Amino acid sequence: MEVLRGISVSPGIAIGEVVILDAEDYRIPYRTVPPEGVADELARLDHSLKQSVEELVQQSEWLNQNMGQDAANVFNWHVGVLKDDRLRQNIETMIRDQSSAAAYATSVVMRNYQRRFMQMTDPLLVERIRDVQDIERRLLRHILGESREDLAHLTQPAILVAHDLTPTQTAQLADTKVMGVALDVGAATSHTAILLRSWGRPGVIGLNDVSTRVSGGDTVIIDATNQLVIVNPNEATLADYRTRERAFVRLADELDELKSLPAVTRDDERICLFSNIEFPGEAASGIAKGADGVGLYRTEFLFLRPEGAPSEEEQYEAYRQAIAGVQGRPITIRTFDLGADKYTQQRRYEQERNPMLGLRSIRYSLQHLDMFKVQLRAILRASVHGDVRVMFPLINSLMEFRQAKMTVHDAIEDLEEAGRPVRHDVPIGMMLETPAAAIQVKEFCREVAFISIGTNDLIQYLLAVDRGNERVSQFYSASHPAVLRAVRDVVRACTRGGVGCTLCGEMAGQPLYTLFLLGVGLRHLSMAPANIPEVKKLIRLVSIHQAERVAKRALGFDTELQVTNYLRAETRKVLPEDPI
Amino acid sequence: MRFVDAASKFKSEVWVCNVSRRGERVDGKSAMQMMLLEATSGCVLRIEARGPDAGEAVAALGAMIDVDFRPPGAQ
């Protein structure tokens, strides 16, 4: 039994057998063969070893001719390992003694070696893990050939373990039998994490090396509520978790009863809780969870597909479906936020050195006006069907906002000329997610219809922390005094300027910050649908007066730690039995 | 890799132990196992051989390490 600690993306418990997905999408299932199949598996291994050596020898020759002897030498050790009789014996023994499939035996043996390298102290030797992984992949490619398995073909429920998932892979999980996910990399606010959260099943990320610590077929418990992953649990632990799994379902049912009740404080202040969605179908499921509408529809996920950007008609259909889903309630559509970790990097010939500070979001849209206009036309056409608002991501200057707004007017004119029905009065707002926008908020208030504070990016830019880099992600915290003050100042400016203000980052869905956010004057919060019941439960137990007192006190602390401890203590007073 | 290649030329079994790290004894003809020795500069290694050419093997491999020891596989 081994207990690993990571970062939870969505609460819950999942218990099951592991499938491993590596960067090349290979899934290595636990598989045995009948006794008469052992000879075939041994032959597959032999074939794969020979093919791999041959491939490497050719590659080395090419490298030697084109890049010199030093480059070619890099693969000498790979060849040595592939010719290593000990290694071959290890794999063969497992195939013979346990009737394992060749792919599975190879994966287990190679992962055991990776574990040994990981324990070494010399960083140069630890780096050899990559070589071992490389050799494993090469062998598996020859063993599995074209028959590599796809997650969509999982026949029974399983826990997915991987080094990392791309947002695109994550988006496809909903169609599979995967019950829970454990990843090596990742931070709580990466796009993969956001997608995992909206998928709703238990997930723990940032586990460093889970993908090398487990082998396909191991039993794993994902305890996302306590940010743990337990590999090969003993009987007692397993039994304990089966009980907890049932208790968790009961708590979910209890929160479910809140969904028809409004989010009203004890002193009768109505708070609007909206959902953040990625896919049009989630608009309706958010309403079912008790949302007052959609506060953030992240449209870029329409674009994250192999075929490329969707047509105007395809987009129109998606937006119309989302609008129909909220049944007349407000829905805020954010124009595509592409760039950084999503989409554009794969399409660039030359990767940006610093994509987070690069051509992303509204900057990308304004440089790809044709694509941007197609989206705006689709949104404007769909907007006749409901209470639609449009906002732009990452607005950093007034010029950007004006230019984007002008593009909306161009799109309206286009549609009118074409004789299409179109709304002229769609409110146009902005996401406030950069320090520059926060500082200039007063000026923005004169021009925008509403402001939505995107705390995920705002925190990352304010604190200069890459939220996706696990080596610094501990510095990424909404409790930093500078973050609290920025949020307070923006809300205050919006109130004075008579501009509606919503907060739609992860912060909105964390009960830890609910008192603070109400206390600085926010009345609109937008979050992952899964977080709505608990935030609502908290709101119904507190008063605005109490929240204002907590916010004032929280703003008086100098350090992030004091803020977190204080907010946790105050929240626990209200929700003593919930894990905060 | 030079060590593994050299060791493989002998008929005898070759075993190497990293005395400095009190590690296990590994097969001197195995590229993977030799890497697990964690034999970095300054470590004391013990070489054992068993077989018809055991004496030559120990002498030759020992001399090789004395002359220019580099971690196996290091470029």
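All chains use their own residue numbering, which begins from 1 and follows the written sequence. Both sets of labels track the order of writing: A upward for chains, 1 upward for ligands. pLDDT decides what is reported in this predicted model: residues at 70 or higher carry local features, side-chain atom pairs at 80 or more are listed and counted, and totals for whole chains, interfaces and linings draw on all residues regardless. Computation of side-chain values covers all heavy atoms of the structure but excludes hydrogens and water.

Of the regular secondary structure elements, chain B holds three helices and three strands. The way it works is that DSSP assigns letters per residue, a run of H or I at least four long becomes a helix, a run of E at least two long becomes a strand, and they are numbered from the N terminus. Mapped from its N terminus to its C terminus, chain B presents α and β elements in the order α-β-β-α-β-α. In chain B, which comprises 75 residues, the share counted as buried stands at 48%. Here the term buried applies to any residue with accessible area under 20% of the maximum for its type, exposed to any over 50%, and partly exposed to those in between, with areas from a 1.4 Å probe on protein chains only.

Let us now look at the packing of helix α13 (residues 312-325) of chain A against helix α16 (residues 369-382) of chain A. Residue and element names in this part refer to chain A. Interhelical geometry of α13 versus α16 gives an angle of 40° and a closest axis separation of 8 Å. Classified by the angle between their axes, α13 and α16 sit oblique to one another. When the axes of α13 and α16 are compared, the crossing they make is right-handed. Counting all contacts with α13, which are made through Glu312, Glu313, Gln315, Tyr316, Tyr319, Arg320 and Ile323, the residues of α16 involved are Val374, Gln375, Arg377, Ala378, Ile379, Arg381 and Ala382. Helix axes use the C-alpha atoms of the stretch in contact, all axes being lines fitted to C-alpha atoms, and the angles between their N-to-C directions lie in the range 0 to 180 degrees. Roughly parallel refers to an angle under 35 degrees, roughly antiparallel to one over 145, roughly perpendicular to one between 65 and 115, and oblique to any angle outside these ranges. Crossing handedness: left-handed means the near helix sits turned counterclockwise from the far one by under a right angle, and right-handed means the same turn made clockwise. Two residues qualify as a contact provided that any one of their heavy atoms is within 4.5 Å of a heavy atom in the partner residue.

A word on the interface of chain B and chain A. On the side of chain A, 19 residues touch chain B, which itself brings 16 residues to the contact. Summed over both partners, the accessible surface that disappears when two parts come together, traced with a 1.4 Å probe, is what is meant by buried area. Summing the contributions of chain B and of chain A, the shared interface buries around 1,600 Å²; its carbon and sulfur component is 63%. What makes a salt bridge here is a side-chain nitrogen of Lys or Arg within 4 Å of a carboxyl oxygen of Asp or Glu, nothing more. Its salt-bridge partner being Asp27 of chain B, residue Arg86 of chain A comes within 2.6 Å of it at the nearest N-O pair. Think of a polar contact as two N or O atoms within 3.5 Å of one another; within protein, one of them needs to be a possible hydrogen donor and the other a possible acceptor, and neighboring residues in sequence only count if both atoms come from side chains. There are six residue pairs in polar contact (both at pLDDT 80 or more) connecting chain B and chain A. Per element, the largest residue contribution to the side of chain B that touches chain A is five residues, and it comes from helix α2 (residues 31-36) of chain B.

Regular strands show a simple pattern: their side chains alternate between the two faces of the sheet. Residue and element names in this part refer to chain B. For strand β1 (residues 13-18), the tally of buried residues reaches five of six residues, placing the bulk of the element in the interior. Bridge count for β1 against strand β3 (residues 45-50) is six bridges, and the pairing is antiparallel. Following the sheet pairing, Cys17 is matched in β3 by Arg46. In this description, strands pair whenever DSSP reports at least two bridges between them. The pairing of β1 with strand β2 (residues 25-27) spans three bridges and is antiparallel. Residue Cys17 lies in a different strand from β2, and its bridge partner there is Arg25. Here β1 folds back onto β2 in antiparallel fashion, the turn holding six residues, of which Arg22 has a positive phi close to 50°.

Most often, soluble globular proteins have nonpolar side chains that are buried together. We define the nonpolar core as a collection of buried residues of types Ala, Val, Leu, Ile, Met, Phe, Trp, Tyr and Cys that are connected through side-chain atoms lying within 4.5 Å of one another. Tyr297, Phe392, Ile451, Val487 and Phe516 of chain A are the most contacted members of the largest nonpolar core, which has 104 residues in total. Grouped together as the second largest cluster of nonpolar side chains are 60 residues, Leu42 and Phe75 of chain A together with Met32 and Met64 of chain B included.

A surface patch of like charges, here negative, comprises Asp410, Glu413, Glu416 and Glu417 of chain A. By secondary structure assignment, the location of Asp410 of chain A is in helix α17 (residues 398-417). Two distance rules govern patches: like charges are joined within 9 Å, and nonpolar side chains (Val, Leu, Ile, Met, Phe, Trp, Tyr) within 5 Å, applied only to residues with over 30% relative accessible area and no salt bridge. Under the convention used here, a 1.4 Å probe and the Shrake-Rupley method define accessible areas, while residue burial counts only the protein chains that appear. Neither His nor the chain termini are counted; the positive set is Lys and Arg, and the negative set is Asp and Glu. By convention, charge coordinates are those of NZ in Lys, CZ in Arg, CG in Asp, or CD in Glu.

With that out of the way, let us pick up the sheet that holds strand β1 (residues 2-5) of chain A. Residue and element names in this part refer to chain A. Read across the sheet, eight strands follow the order β1-β8-β7-β3-β4-β5-β6-β2 without closing on themselves; strand pairing throughout is mixed. Only two strands of the sheet have a single neighbouring strand rather than two, namely β1 and β2 (7-10). Neighbour to neighbour, the strand axes of the sheet diverge by 30° on average, direction disregarded. The pairing of β2 with strand β6 (residues 203-205) spans three bridges and is classified as antiparallel. Within β6, the position partnered with Ile7 by the bridge is Ile205. Helix α11 (residues 235-256) contacts β3 (13-21), β7 (219-223) and β8 (228-231) of the sheet and is inclined by roughly 115° relative to β3.

Values of pLDDT, the confidence the predictor places in each residue, fall between 0 and 100. In the predicted model, chain B carries a mean pLDDT of 83, and the fraction of residues at 70 or more is 88%. Segment residues 71-75 of chain B is flagged for pLDDT under 50; beyond a separation of four residues in sequence, or across chains, it makes twelve contacts in the model.

In this section: the packing of aromatic side chains. Residue and element names in this part refer to chain A. Only rings of Phe, Tyr and Trp enter the pairing, Trp through its six-membered ring, and a pair is recorded when the two centres are within 6.5 Å. The plane angle decides the type: under 30 degrees is stacked, over 60 is edge-to-face, the rest tilted. Enumeration over the complete set of coordinates arrives at seven aromatic pairs over all chains. Pairing Phe392 with Phe401 gives two aromatic rings, centres 5.9 Å apart and planes at 65°, and the pair type is edge-to-face. The same class applies to Phe392 as to Phe401, namely buried. Centre to centre, the rings of Phe557 and Tyr566 are 5.3 Å apart; their planes meet at 55°, and the pair counts as tilted.

Right, let's get into helix α4 (residues 85-98) of chain A. Residues and elements named next belong to chain A. Between the first and last C-alpha of α4 there are 20 Å, a value that for 14 residues agrees with the 20 Å anticipated at 1.5 Å per step. Every buried residue of α4 is accounted for by Leu87, Ile91, Glu92, Met94 and Ile95. Mapping the buried residues of α4 onto a view down its axis gives an arc of 155°, with all of them on the same face. The distance from a side-chain oxygen at the start of α4 to the backbone nitrogen of Arg86 is 2.8 Å, and the residue carrying that oxygen is Asp84. Positive phi shows up at Ser99, right after α4, with a value of about 50°. A helix's residues, less one, multiplied by 1.5 Å, set its expected span. Think of it as the arc spanned by the lines of direction from the helix axis to the C-beta atoms.

All names here are of chain A. Between helix α22 (residues 511-519) and helix α25 (residues 560-574), the shortest axis-to-axis distance is 8 Å and the interhelical angle comes to 95°. By the angle between their directions, the pair α22 and α25 is classed as roughly perpendicular. Of the residues in α25, those touching α22 at Pro511, Leu512, Tyr513, Leu515 and Phe516 are Thr564, Leu567, Arg568, Glu570 and Thr571. Any residue outside Ala, Val, Leu, Ile, Met, Phe, Trp, Tyr, Cys, Pro, Asp, Glu, Lys and Arg is labelled polar, Gly included; the first ten of those are nonpolar and the last four are charged. For the contact of α22 with α25, the class distribution of residues is six nonpolar, two polar and two charged.

Moving on to the pattern of salt bridges. Summed over the entire model, instances satisfying the criterion amount to 32 salt bridges over all chains. The shortest N-O distance in the salt bridge between Glu48 of chain B and Arg46 of chain B comes to 3.4 Å. For Glu48 of chain B, a relative accessible area of 25% puts it in the partly exposed group. Within the structure, one salt-bridge network assembled from shared partners comprises Glu300, Arg334, Asp337, Arg360 and Asp457 of chain A.

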